[in-house]
Amino acid sequence: MYQQLLKSKGLKSTPQRIKVLTMIANAGHVDINQLSDDLKQSGIKIPLATLYRILGELSSVGILHTVALSREKTKYEIAKGEHTHFLCEQCGQLEDLQVTMSEIVHIAQNACLHSIHAVSVMLHGVCQSCGVNPTYK
Ligand SMILES: [Zn+2]
Ligand SMILES: [Zn+2]
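Let us look at the structure shown here. (Residues numbered from 1 in each chain as written. Chains lettered and ligands numbered in written order. Predicted model: local features only at pLDDT ≥ 70, side-chain atom pairs only at ≥ 80, totals over all residues.)

**With respect to the sheet that holds strand β2 (residues 64-68)**
As summarised here, the arrangement of the three strands in space is β1-β3-β2, forming an open sheet in which the pairing is antiparallel. Edge strands, defined here as strands with exactly one partner in the open sheet, are β1 (30-31) and β2. Bridge count for β1 against strand β3 (residues 74-78) is two bridges, and the pairing is antiparallel. Directly across from V30, in β3, lies its bridge partner Y76. Its contacts with the sheet place helix α2 (residues 15-27) against β1, β2 and β3, and it is angled at close to 100° to β3. (Pairing = 2+ DSSP bridges. Helix = DSSP H or I, 4+ residues; strand = E, 2+ residues; numbered from the N terminus. Contact = placed C-beta atoms within 7 Å. Axes fitted to C-alpha atoms, helices over the stretch in contact; angles between N-to-C directions.)

**A look at the sheet that holds strand β5 (residues 94-97)**
Pairing is mixed across the open sheet formed by three strands, whose spatial order is β5-β4-β6. Of all strands in the sheet, those bounded by a partner on one side alone are β5 and β6 (122-125). Within the sheet, the average angular offset between the axes of one strand and its neighbour, ignoring direction, is 25°. Across four bridges, the pairing between strand β4 (residues 84-88) and β6 is parallel. Along β6, the bridge assignment pairs L87 with H124.

Shown next, in the form of structure tokens:
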């Protein structure tokens, strides 16, 4: 299925790109180090620099979506419908929340901003399983 997607975005469908997309789809949200580990575990070695390049290409054509967790840390996900994120401060788990951002955009537009290109909302807190089993580090 990713062959078609890559082609429709003008990218050649290579085994590396397909594998990377499959891994990210399985993981939901993944950062580059975790992705590199996952690939290694399945017997695929892609140098980090190459992986950065692949992720950059896939993001620039809109197949991947980046979620900035902090200045240094970014997670990648397969681009899908508008949604917002919840980040657990204890385990670092990132969850999708199906909330549309149209109201935020509407308010921002009424505030006379020139143009809005993207909306990203991040909710911070403690997830269900950390709330039930608190881990004190
Ligand atoms: Zn948690
Ligand atoms: Zn997401």
